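# Structural description and commentary
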Amino acid sequence: MSKKVRVRFAPSPTGGLHLGGVRTVLYNYLFARRHGGDFILRIEDTDQGRYVPGAEEYIIESLRWCGLEPDEGPHKGGAYGPYRQSERKARGIYEKYARQLVEHGHAYYAFDTPEELEAMREKYKTADNPSPQYNHTLRKKMRNSLQLDPAETQRLLADGTPYVIRIKLEPDEEVTFTDMIRGEVTFSTTGVDDKVLLKADGMPTYHLAVVVDDHLMEISHAFRGEEWLPSAPVHILLWRYLFGEDKMPQWAHLPLILKPDGNGKLSKRDGDRLGFPVFAMNWTDPRTGEPATGFRETGFLPQAFVNLLALLGWNDGSGQEIFTREELVAKFSMDRVHKGGAKFDFEKAKWFNHEWIKRLPASAYAPQVAALFAEKGIPIPAHDLLRPAETEIPLPPVTPLVPETITDISGAPLLDLAALEAGLIPPPPAPNRFERVLDLVKDRCTLLPEFIPQAAFFFQPPATIDLDAVKPKWNEAKGLFFAEFIQQLELAPNLVAHALEAEFKEMAAAKAIKPGELLMPLRIMLVGGKFGPHVFDIIALIGKDETIRRIRHTIQLLNFTP
RNA sequence: GCCGCGUUGGUCAAUCGGUUAAGACGCCUCCCUUUCACGGAGGAAUGAGGGGUUCGAUUCCCCUACGCGGUACCA
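Quantities reported herein were computed from a predicted structural model and do not represent experimental measurements.

Cut-offs and rules
- Residues numbered from 1 in each chain as written.
- Chains lettered and ligands numbered in written order.
- Predicted model: local features only at pLDDT ≥ 70, side-chain atom pairs only at ≥ 80, totals over all residues.
- Heavy atoms only, no water.
- Helix = DSSP H or I, 4+ residues; strand = E, 2+ residues; numbered from the N terminus.
- Expected span 1.5 Å × (residues − 1).
- Buried < 20%, exposed > 50% of the residue type's maximum accessible area, 1.4 Å probe, protein only.
- Contact = heavy atoms within 4.5 Å.
- 1 Å grid on protein atoms, 1.4 Å probe; cavity = no way out; pocket = protein on both sides within 12 Å on 5 of 7 lines; lining within 4 Å.
- Points joined across faces, edges and corners; volume = space filled by probe spheres on them.
- Nonpolar A, V, L, I, M, F, W, Y, C, P; charged D, E, K, R; others polar.
- UniProt positions renumbered as here; feature names shortened; annotations may be inferred.
- Pairing = 2+ DSSP bridges.
- Axes fitted to C-alpha atoms, helices over the stretch in contact; angles between N-to-C directions.
- Salt bridge = Lys/Arg side-chain N within 4 Å of Asp/Glu carboxyl O.
- Near = heavy atom within 4 Å.
- Polar contact = N/O pair within 3.5 Å; in protein donor to acceptor, adjacent residues only side chain to side chain.
- Domains from an automatic or database assignment.
- Phe/Tyr/Trp six-rings, centres within 6.5 Å; stacked < 30°, edge-to-face > 60°.
- Lys NZ or Arg CZ within 6 Å of the ring centre and 35° of its normal.
- Buried area = accessible area lost by both parts, 1.4 Å probe.
- Parallel < 35°, antiparallel > 145°, perpendicular 65-115°, else oblique.

Taking 1.5 Å per residue, twelve residues should reach 16 Å; helix H2 (residues 55-66) reaches 16 Å between its end C-alpha atoms and fits that length. Here H2 lies mainly inside the structure; nine of its twelve residues are buried. When we look at burial in H2, the residues that qualify are Ala55, Glu56, Tyr58, Ile59, Ile60, Ser62, Leu63, Trp65 and Cys66. Where the residues of H2 are buried, they touch helix H1 (19-34), strand E2 (38-41), strand E11 (283-284), helix H10 (295-298), helix H11 (302-310) and helix H12 (325-331). After H2 finishes, the residue Gly67 shows a positive phi value of roughly 75 degrees.

Summed over all chains, the structure comprises one cavity of 30 Å³ or more. Lining the largest cavity are Lys268, Gly271, Asp272, Phe276, Pro277, Val278, Ala292 and Thr293. If you tally residues by element for the lining of the largest cavity, the top one is helix H9 (residues 268-274), at three residues. A per-class count over the lining of the largest cavity returns four nonpolar, two polar and two charged.

This part is about the UniProt feature "domain: Glutamyl/glutaminyl-tRNA synthetase class Ib catalytic" (unreviewed entry) in chain A. Per the UniProt record, "domain: Glutamyl/glutaminyl-tRNA synthetase class Ib catalytic" (unreviewed entry) is annotated on residues 4-351. A distance of 38 Å separates the end C-alpha atoms of residues 4-351, which is 34% helix and 14% strand.

Turning next to the sheet that holds strand E4 (residues 164-167). Note on sheets: strands pair through backbone hydrogen bonds, and any given pair is parallel or antiparallel. With respect to topology, three strands assemble into an open sheet ordered E3-E4-E7, the strand pairing being antiparallel. Whereas interior strands pair on both sides, the edge strands pair on one side only; in this sheet they are strand E3 (107-110) and strand E7 (196-198). Adjacent strand axes in the sheet meet at a mean angle of 45 degrees, parallel and antiparallel pairs treated alike. Across four bridges, the pairing between E3 and E4 is antiparallel. Bridging across to E4, Ala107 finds its partner in Ile167.

What follows deals with the pattern of salt bridges. Enumeration according to the criterion identifies 48 salt bridges in this entry. Residue Glu44 is joined to Arg42 by a salt bridge in which the shortest nitrogen-to-oxygen separation is 3.0 Å. As far as burial versus exposure is concerned, Glu44 and Arg42 are alike and both buried. The partner of Glu517 in a salt bridge is Lys478, with the nearest N and O atoms 3.2 Å apart. With Glu517 in helix H20 (residues 515-527) and Lys478 in helix H18 (residues 476-491), this residue pair connects regions lying 39 residues apart in the sequence. Looking at Glu517, the relative accessible area reads 29%, which means it is partly exposed. The network of salt bridges with shared partners includes Glu61, Arg64, Glu69, Arg296 and Glu297.

Within the structure, RNA strand B sits among 65 residues, and Asp128, Gln133, Glu321, Arg444 and Pro515 are positioned closest to it. Atoms of RNA strand B within 4 Å of the protein belong to the sugar or the phosphate in 69% of instances, the rest to bases. In this structure, Arg50 approaches RNA strand B through a side-chain N or O atom, which is 3.1 Å from a sugar or linking oxygen. Sorting the residues of the surface near RNA strand B by element identifies helix H5 (114-124), E4, strand E6 (183-188), strand E13 (342-343), helix H13 (346-359) and H20 as the ones contributing at least two each. Grouping the constituent residues of the surface near RNA strand B by class yields 22 nonpolar, 16 polar and 27 charged.

Right, let's get into the layout of surface pockets. Here the largest pocket defines a volume of roughly 1400 Å³. Lining the largest pocket are 47 residues, and of these Pro11, Ser12, Thr14, Arg50 and Glu227 sit closest to its centre. Listing elements by their share of the lining of the largest pocket, those giving two or more residues are strand E1 (6-9), H1, helix H7 (206-216) and strand E8 (221-225). Here the lining of the largest pocket gets five residues from one element, more than from any other, and that element is H1. In terms of residue class, the lining of the largest pocket is made up of 18 nonpolar, 14 polar and 15 charged. Counting the residues that make up the lining of the largest pocket, at least three belong to each of domain 1 (6-88 + 256-348) and domain 2 (92-254).

Before going further, it helps to spend a moment on the packing of aromatic side chains. Counted according to the given criterion, the structure contains 32 aromatic pairs. Look at Tyr97 and Phe243: their rings are 5.3 Å apart centre to centre, the planes differ by 70 degrees, and that puts the pair in the edge-to-face class. Here the residue Tyr97 occupies a position in helix H4 (residues 93-103), and Phe243 occupies one in the loop between helix H8 (232-242) and strand E9 (250-254), the gap between them amounting to 146 residues. Comparing Tyr97 with Phe243, the two get one shared label, buried. On the basis of an interplanar angle of 85 degrees and a centroid distance of 6.0 Å, the ring pair of Phe373 and Phe434 is categorised as edge-to-face. Placement of Phe373 in helix H14 (residues 366-375) and of Phe434 in helix H16 (residues 433-441) is noted, with a sequence separation of 61 residues between them. Through successive ring pairs, a cluster of aromatic residues spans Trp65, Phe276, Phe295, Phe300, Phe305, Phe344 and Phe346. Across from the ring centre of Tyr80, 3.7 Å away, lies the NZ or CZ of Arg6, which sits over that ring.

Assigned domains of chain A: these are domain 1 (6-88 + 256-348), domain 2 (92-254), domain 3 (364-452) and domain 4 (467-560). Between domain 3 and domain 4 lies a buried interface of about 780 Å² when both sides are counted; carbon and sulfur atoms form 66% of it. Between the two partners, domain 3 and domain 4, sit zero salt bridges. Here domain 3 and domain 4 share two residue pairs in polar contact (both at pLDDT 80 or more) between them. Taken together, the residues of the side of domain 3 that touches domain 4 sort by class into five nonpolar, one polar and three charged.

Those residues carrying the UniProt feature "domain: Aminoacyl-tRNA synthetase class I anticodon-binding" (unreviewed entry) are residues 430-555 in this numbering. The annotated region residues 430-555 carries 61% helix and 0% strand content, and the separation between its end C-alpha atoms amounts to 37 Å.

This brings us to the packing of H14 against H16. At a closest axis distance of 11 Å, the pairing of H14 and H16 adopts a crossing angle of 95 degrees. Viewed along their axes, H14 and H16 adopt a mutual orientation that is roughly perpendicular. Residues Ala366, Val369, Ala370 and Phe373 of H14 touch H16, and the partners they reach there are Phe434, Glu435 and Leu438. For the contact of H14 with H16, a count of residues per class yields six nonpolar, no polar and one charged.

Written as structure tokens, this is what we have:
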């Protein structure tokens, strides 16, 4: 009679969505899908002082970009709403449980002001104990319902004196639970303080809210960052007092993602300092105006982002590194998540992206890349975006890209060919000219913006031409050769890369010039520099008119500059 | 300080007591390529230290060191 798997991601809307946050989402998502369960988004906005407008929308949009959509959440609704804790508070949900705890002697009222607390910490601070806790000893010296006589407590309450409700922890109690990653973990209540459960403004703290909401939302498994481990005993005790420990979800405390150099949690600062993104998408803090770049805008594919995050702290033991989301769903298990934190390696992250760019058909990212070109003032002509069937201009064959070659590292096709043949999924569209260009150069692109320098010359003549690479070996014979080559091109009925190449080499042989002596100049005429795919594929794609124009143009430059 | 969690190459990591301690990223060398890449072949590089347990420890236990996290009316 195992209950249905229900997991949640519960961020507080205080800023951009951090790498570690996305990974927590991912593990939640994978676990839910793996077990046919639900994945819930819950907004923990109990600290009105830290609330940042727009952060919630940003989080939802980030999840959408990653393809990790919740089944329930503030934007989707669901049977367990509302999904914002501020709205749940308005319904008196948390207060009810806080009062119940007080009635049962597991919690108490505390009237201490922030100033009094500060004074207490100052007063009891010693070299041995730099941070005195509000606990079973010190609470005896504070203003709370445990010390005050009941009448006085009632009077303060009746007067509307601000108060909080604190959990009452007895010393020397062992609290043990089984973590899905770490196994059995034990704490003594002696080390933990009487945490505030309900704040003076009536809002619950995380400690109360997480327990109450996990219960009310019937959460079966609760995953969160390792930084929560020390407060786990409070949550266990709350479960014990409120709903019964047997009803408690199974916990898993995820290892931290560490900065690449040194140690410590990866922060936005580290990204700025070391030059890589830390957030999923661009984020500008509305209050400080401080911008932060995202993986999306840096040119990462969501497939790659999800893939690299999955492997940061988990692996299936097989050595496979490239996983589709479907494969991850099929293979993910919490007991293969590492205990230790992992340093983030941006070089490896880029490798994942490169792999995904290479493996995916260009149609998977052509729209984003087209947008990048447009931003750079190189709009892609509409006819280059038409499907071959929609245009009468035939596309020349270039280096073929067959779906069979799109495979993961084990050789299994990423494109489900069986499903394709059975007609279960629509066939990928025949690539248009733009996509052919991208397919031709994608081996050279690690990040999406790199398509611009690698492919711009297909859409406009090169801005600069590296004449210095040609001049030293340029002579009249070569000039004659190219003049003749232009004539041949003009006569050619259509351009086929390999036929062109054969013709070119025949002509070179007839003139007793080594083909290599001519290939580089030709490349520079077309591309502007010493890079790019096979020259004859380029000619086939830019067409003979443009090819002739560029050759003539460069020859002119060569003649006029000594 | 106290409490907790960690610790295999520079980084991600496999190993569930017996291995020449995988693989990947990065780096280096070579091959392929009349460019740049891609691809292929090879190379350098690892069990924090000390005690146990055991016929045998990277693996199990303890101690130390180091790192990290927590120690808020923040999450």
